[in-house]
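Each chain, written out:
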Amino acid sequence: MEREFLPIVTCMRVRPILILILLTTSVAIIGWMYYAVLRTIDKEPKHSHHKVITDLDACCRDKHIKSAQYAHFASVAEQENLPSALGLFRALAHSERIQEHYCALVIHRLGGHYTPPKRILLFRGNTASNLLRSIALEQMRPDTLLHQHIGRHLYGGNRMAAQALIWAAAADRQHLLLLQQAHAALCTDHTMRYTVCPRCGNIYQLDSQDPFCPHCLTDSREFVLF
Ligand SMILES: [Zn+2]
């Protein structure tokens, strides 16, 4: 009779041990998964901030160089007594500077630091060639880093950085159109005037400006006239 009962007793002793092992293993697996999720969440913001600051810094530097270049082209147009080109290049230089400052502000808010480039190579030529060179440079930009990463920052939750880059990208396309129009009208007598939104750098032709900036809602009475 004792022999028949022995396996049953052994089985009753083994079962709690198996349950204990399974329970311990389950707790260990859940704990490891929880730690892995927390580790990912902890790492992600630092990683994305580094990338967004890199993109904003590249945008800032690009805008800084273009602002200096357009200011130089404006001085050439002034010497050649071309008021429309002078007004456009001054408006472009101002717009680029505003966008550089806005991108730099976002970098500082994200905990980064921006230093403008110290040496800038200025192109030398007359206004006609300066317009053509500016058009060629803007036409090279559609596939730049700026355009490629905006969506990632926008959908990654960094709307402030995405907004700065969207304004910058929209300005690049708008500047290209204004430069093409100015080059086409270079030999006409009609003098164009331009206004610039002081907050986002959006440029308007004076005779077709909006009452409020469609990008940042600034009142047109605050626009800067060139
Ligand atoms: Zn604006």
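Report follows, based on the coordinates. (Residues numbered from 1 in each chain as written. Predicted model: local features only at pLDDT ≥ 70, side-chain atom pairs only at ≥ 80, totals over all residues. Heavy atoms only, no water.)

### Digging into the coordination of the zinc ion
Looking at the zinc ion, one finds its protein donor set to be Cys197 (SG), Cys200 (SG), Cys213 (SG) and Cys216 (SG), positioned 2.2 to 2.3 Å from the metal centre. Metal-centred angles of 97 to 118° between the four donor atoms at the zinc ion mark the site as tetrahedral. In the primary structure, the donors to the zinc ion are separated according to the pattern C-x2-C-x12-C-x2-C. Across the pair, Cys216 and Cys213 agree in class, each one buried. (Donors = N, O, S within 2.8 Å, 3.2 Å for Na, K, Ca; no water. Tetrahedral: all angles 85-135°; square planar, octahedral: opposite > 155°, others 65-115°. Buried < 20%, exposed > 50% of the residue type's maximum accessible area, 1.4 Å probe, protein only.)

### Examining the nonpolar core
Core analysis: the largest hydrophobic core is formed by 25 residues, its most contacted members being Leu56, Val106 and Cys213. At the level of elements, helix H1 (2–79), helix H2 (83–109) and helix H5 (159–184) are the ones that each hand at least two residues to this core. (Core = buried A, V, L, I, M, F, W, Y, C linked by side-chain atoms within 4.5 Å. Helix = DSSP H or I, 4+ residues; strand = E, 2+ residues; numbered from the N terminus.)

### Some words on unusual backbone geometry
Despite not being glycine, Asn81 shows a phi value in the positive range, around 55°. Along the polypeptide, Asn81 turns up in the loop between H1 and H2. On the basis of relative accessibility, which here comes to 64%, the residue Asn81 falls in the exposed class. Of note, the phi angle at Leu217 is positive, near 70°, even though the residue is not glycine. Within the secondary structure, Leu217 sits in the loop between strand S2 (203–205) and strand S3 (224–225).

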